[in-house]
Protein chains: 2
Amino acid sequence: MLTRVKSAVASFMGGMMAGGPNGDHPGGSDLPLKFPYSRPEFLGLSPDEVECSADHVARPILILKETRRLPWSTGYAEVINAGKSTLNEDQACCEVLVVKRRPAESSTPNRTPMTRRRSSLPNGEGLGLRECLENSEDLTLHYWALFDGHAGSGTAVMAARLLHHHIALHLQEVMEILCNPNLQAPTCLGEEPINHHLTPTSQRALTRAASLRGAAGAPGSPSTPPTRFFTEKKVSHESLVIGAVENAFKDMDVQIEKEKAVYNVSGGCTALVVVYLLGKLYVGNAGDSRAIIIRGGEVIPVSSEFTPESERQRLQFLAYMQPNLLGNEFTHLEFPRRVQRKEVGKRMLYRDFTMSGWAYKTIEDDDLKFPLIYGEGKKARVLATIGVTRGLGDHNLKVHDSNIYIKPFLSCCPEVKVYPLAQCEHGADDVLVMGTDGLWDVLSNQEVAEAVTCFLANCDPDDQHRHVSLVTQMQPPVGPELPLTPVLFTAQDLVMRARGVLKDRGWRISNDRLGSGDDISVYIIPLMYGNKQN
Amino acid sequence: MLTRVKSAVASFMGGMMAGGPNGDHPGGSDLPLKFPYSRPEFLGLSPDEVECSADHVARPILILKETRRLPWSTGYAEVINAGKSTLNEDQACCEVLVVKRRPAESSTPNRTPMTRRRSSLPNGEGLGLRECLENSEDLTLHYWALFDGHAGSGTAVMAARLLHHHIALHLQEVMEILCNPNLQAPTCLGEEPINHHLTPTSQRALTRAASLRGAAGAPGSPSTPPTRFFTEKKVSHESLVIGAVENAFKDMDVQIEKEKAVYNVSGGCTALVVVYLLGKLYVGNAGDSRAIIIRGGEVIPVSSEFTPESERQRLQFLAYMQPNLLGNEFTHLEFPRRVQRKEVGKRMLYRDFTMSGWAYKTIEDDDLKFPLIYGEGKKARVLATIGVTRGLGDHNLKVHDSNIYIKPFLSCCPEVKVYPLAQCEHGADDVLVMGTDGLWDVLSNQEVAEAVTCFLANCDPDDQHRHVSLVTQMQPPVGPELPLTPVLFTAQDLVMRARGVLKDRGWRISNDRLGSGDDISVYIIPLMYGNKQN
């Protein structure tokens, strides 16, 4: 993902098990780590197992130790890279959170949403399990996330620990609206709503919602609805959830930037999250991971990737508007290759930010600068440095040997797509697949769908022997062999198909293609459990 | 389309038949018109007929006087608005151009592409028909275009006269590449190509192409191919055509801006063009007109609209980057309605440029400014002024009673979509429909498809009586009644369905809905003629 910074990265990596605040300080920083490096919490690995997992030669595939450890019997598998970084820089998080309503009469704003499984304090200090009785006004939120780190593991680890708390916080702000299907989002909190046709019950809920924290004046006090002669845009509940996920990413990125002052938070990471809330799946993506739904064997893409190629026009537009960001070393124009001095005066193919086609222009001296976007496919880079254009962190990342910051070109904002899960029927073989780019670099959507569909169709959950024989064909999973669901094996199978097997000429997958040498992480989320929640 | 400038527009309109350089000077300008106002050339209307067509009460539907006047037996129909502007501000152009190769040995660069039907001098001065023998290296180009003007008709008239010349010019620059299917576009002209596997014939063609005008040094002289250790992006022929259309729009806009110094070129216009070249349809759109293909009764959208809503994030991003463009009167944030002073300190729904969802923010003084994007659907406006965000002209357009220019927010760049016509089979009822927003405001894609499919299915081209009876049911066309093809009637039928009939309560269409009071222009292009060209 990084090229010009890659050499610097090697020195970032301290001891393999870079520890807590008193451990090593990878990244050349004297600051302590905020969170020690580890593998995803739900894998439940011992330090020894984490050490074993980082074998760049054997590349063991890690799967869950226990069946049904994750919600909806989600399957998960991962494997470390073939040596491109000491640590597996992918991270994952999966949680079921119960967001509780703030005390209604609280006079002091409280930014802590109450959740059942854990506190959602954005500094991540656990208050332990909070046992609250669920009631109809609680909001249950299922959350799966993958983070693909680069130039260090610090940001990915931090995001895996904290991003869901930010999402929960933002959802808490609007949960009273979300919990009432009849309640339209008030344009301004603390005002009487207009244009509603509501039952008395929902009117009460609305009045309460309208007095949410932040509403100035006298919350809850009756006021005469003002007469208005203009129309207001109606905002759906779905839009509020999308906004909550979007702003959570932003807050996470701000927190990372701030905490870099006191902690060593190395590198950056992509983030792909799936949130299940009130019958809908919200897929938020910032980076080049991918999620697809496989329904009846058909692929439904539910995310797009953000790369120098897919975001070319946004990046060129920004550079055109603020050329100072290019430090006189780069040009916002795209050329098929670097322009040579002897070509000044000749006509060369180019693309400007407004173009999707190509045309010829006469080369000038200014065009001799390096192109902002350069290279194709997986080798495409922004500012000759980074191959992914959305994600968290990277605040200190600069073009090698220069003072040009990359961050202004990176966006921490996810694209959020919505899948109306509860409105669709799903069978036992219908799943959502989330994978980091290690998976998708070598397998197409169609190949993944065929593998998953074929694997699940041939699985009999009650036939443990067949599972074992499959395990024998593959790398043995780390940890004791316990009864596992087909979905777990499907995740393992996918990682296996993307990593391949070690032959004379390296890692090879089907048709003797090269396997992925990258970190690979995969969730398989069965969708029929979503039906049952409604 | 325009609100705050609308009052000013009324005074723009001089005499109905505002004439040539010595006629009236609408727009309050003392400068002469470059082109007199008229209806599309292919309608062949007399001045009297043009006068009749502008009846805002009867709103006669104009159709072609002769069958097969347009290529591919294209049907066309139009109607004037119900009074919102004195003139019909829609314009149309349809041409078949033969772009000829520049003289190979020409030492003086010649920016005039040679075309068979007319010269393509970008100042529009006709050199009359140029009779050249077609040869295999000529490039035949079919062109259909709609322009929807606002705040005056000058820009739409000028674009209808000139845009295709700009397209022809840009295509001429790359025609030697385009005419040779085996020739890959050279990255730099005047250099030996690399990485090609070509036949000797195509190598020769390539060498010639590589010495196209603009290549400095000694064109045509042999040079040793440099050794290169980097890969080059391969650029398809299709990308060159897309780039040609994109840059033609840009050049057209620059020409309009320049000629405003010497001519009265009022207002602005959207532009929707369809170019058929070498087996493919290229649909370029800048504005809110629309093109769809109807194939086997199914709708295939081949353009997107560019409006304050569809381009919200681009506009907000620009305003965020260059707040000076907002003149301290507007805010780049979006609110569901205008913020009131008493709401400062309260929490209100908002969207920033990175968001597609909504969230609450605490209102500050700065939020009291008018939102950059305001209103919904057809009423959405940029800077409270304009409802379309791409097009040509509008260089002088300002926010009413201010010094804030709209132009920086408008883009003259089209989105170009490609439909591989020759690769698809088309029947007699398969057509491409182009319409200005007057059509699509009141009829959905589906309604248009059903109307067209139903109409064509019931048409027997040999049964003239049935045609006449259909004409009787509708408004009689302007001009003598001549034998007409079903496609002509289909265009007329569509305009009729969108305009409706005049009842007590205004223009009404099916289900007693309101008809369009806007100018309406429609092409129906039968696609099976495209098959025959290949």
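Everything discussed here concerns the structure shown above.
The residue numbers shown here count from 1 along each chain, following its written sequence. Following the order in which they are written, the chains are lettered starting with A and the ligands numbered starting with 1. Only residues with pLDDT of at least 70 are given local features in this predicted model, and only at 80 or more are side-chain atom pairs given and counted; all residues enter the totals for whole chains, interfaces and linings. Side-chain descriptors were evaluated using all non-hydrogen atoms of the structure, hydrogens and water having been removed beforehand.

1. Points about the overall build of chain A
We count it as follows: In this text, helices come from DSSP runs of H or I with a minimum length of four residues, and strands from runs of E with a minimum of two, each type numbered from the N-terminal end. The buried label goes to any residue with under 20% of its type's maximum accessible area, the exposed label to any with over 50%, and the partly exposed label to all in between, with areas taken from a 1.4 Å probe on protein chains only. Whether two residues touch is decided by their heavy atoms; if any such pair falls within 4.5 Å, the residues are in contact. Where accessible areas are quoted, they stem from the Shrake-Rupley method and a 1.4 Å probe; at the residue level, only the protein chains shown are allowed to cover.
What chain A contains, in helices and strands, is 11 helices and 20 strands. Every one of the 534 residues in chain A was classed for burial, and the buried ones make up 59%. Across chain A, every contact between residues at least 6 apart in sequence was considered, and the portion connecting residues at least 24 apart equals 70%. In the form shown here, chain A has an accessible surface area of approximately 21,100 Å², with 51% of it arising from carbon and sulfur atoms.

2. Considering the side chain of S521 of chain B
Residues and elements named next belong to chain B. Cut-off, in case you're wondering: Think of a polar contact as two N or O atoms within 3.5 Å of one another; within protein, one of them needs to be a possible hydrogen donor and the other a possible acceptor, and neighboring residues in sequence only count if both atoms come from side chains.
Considering the arrangement of structural elements, one finds S521 in strand β20 (residues 520–526). A polar atom in the side chain of S521 sits 2.8 Å from the side chain of D90. The residues touching S521, leaving out its near neighbours within four places in the chain, are Y76, A77, E78, D90, L146, M434, G435 and T436.

3. Things to note about the nonpolar core
Rule in force here: The set of buried Ala, Val, Leu, Ile, Met, Phe, Trp, Tyr and Cys residues whose side-chain atoms join them within 4.5 Å is what this entry labels a nonpolar core.
Core analysis: the largest hydrophobic core is formed by 84 residues, its most contacted members being F147, L240, L281, L432, M434 and Y523 of chain A. Broken down by element, this core gets its largest block of residues, 14 residues, from helix α3 (residues 154–178) of chain A. Listed in part, the 83 residues of the second largest apolar core include L139, A156, L162 and L163 of chain B.

4. A closer look at helix α10 (residues 486–499) of chain A
All names here are of chain A. Put simply, the rule reads: Multiplying 1.5 Å by the helix residue count minus one yields the expected span of that helix.
Taking 1.5 Å per residue, 14 residues should reach 20 Å; α10 reaches 20 Å between its end C-alpha atoms and fits that length. Among the 14 residues of α10, 13 are classified as buried, and the element is accordingly described as predominantly covered. At the exit of α10 stands G500, carrying a positive phi of roughly 85 degrees.

5. Quick look at unusual backbone geometry
The phi dihedral of W72 of chain B is positive, around 60 degrees, even though this residue is not glycine. Inspection of the secondary structure assignment puts W72 of chain B in the loop between β1 (62–63) and β2 (75–79).

6. Considering the interface of chain B and chain A
Let me state the cut-off plainly: Put simply, buried area is the surface a 1.4 Å probe can reach on two separate parts but cannot reach once they are joined, added for both. For salt bridges, the criterion is a side-chain nitrogen of Lys or Arg within 4 Å of an Asp or Glu carboxyl oxygen.
Residue-level contacts link 58 residues of chain B with 58 residues of chain A. Considering only the side of chain B, the residues that lose the most area to chain A are K233, R347 and Y360 of chain B, jointly responsible for 16% of the buried surface there. Taken together, the links from chain B to chain A amount to six salt bridges. Ionic pairing is found between E334 of chain B and K233 of chain A, a salt bridge with its closest N-O pair at 2.6 Å. Our count for the chain B to chain A interface comes out at 26 residue pairs in polar contact (both at pLDDT 80 or more). With seven residues, the single largest contributor to the side of chain B that touches chain A is helix α5 (residues 237–259) of chain B.

7. As for the relation of the copies chain B and chain A
Heads up, the rule is: Least squares is used to superpose the copies, and the fit set is the C-alpha atoms of residues whose pLDDT is at least 70 in both copies.
With an RMSD of 0.1 Å, the fit of chain B onto chain A corresponds to turning through 180 degrees and sliding 0.0 Å along the axis. Within this description, the copies of the chain are treated as partners about a two-fold rotation axis. Scanning chain B for the C-alpha nearest the rotation axis identifies M321 of chain B, at a separation of 3.7 Å. The overlap is high: 100% of the interface residues of chain B also sit at the interface in chain A, so the same surface is used on both sides.

8. Overview of the sheet that holds strand β7 (residues 290–295) of chain B
Residue and element names in this part refer to chain B. The cut-off we apply is this: In short, DSSP must find at least two bridges between two strands for them to pair.
With respect to topology, six strands assemble into an open sheet ordered β1-β2-β20-β17-β7-β8, the strand pairing being antiparallel. Strands with a single pairing partner mark the edges of an open sheet, and in this sheet they are β1 and β8 (298–301). In the sheet, β2 pairs with β20 via five bridges, with the strands oriented antiparallel. The partner of A77 across the bridge, within β20, is V522.

9. A short note on the packing of aromatic side chains
Put simply, the test is: Paired rings are identified among Phe, Tyr and Trp, the last through its six-membered ring, by centres lying within 6.5 Å, and are further divided according to the angle between planes into stacked (under 30 degrees), edge-to-face (over 60) and tilted (the rest). Sitting over a ring, as applied to charges here, requires NZ of Lys or CZ of Arg to be within 6 Å of the ring centre and within 35 degrees of the ring normal.
Counted according to the given criterion, the structure contains 19 aromatic pairs over all chains. Each member of the aromatic cluster is reached from another via a ring pair, and the members are F317, Y320 and F353 of chain A together with F317, Y320 and F353 of chain B. Stacked on the ring of W507 of chain B, the Lys or Arg R59 of chain B has its end atom at 4.9 Å from the ring centre.

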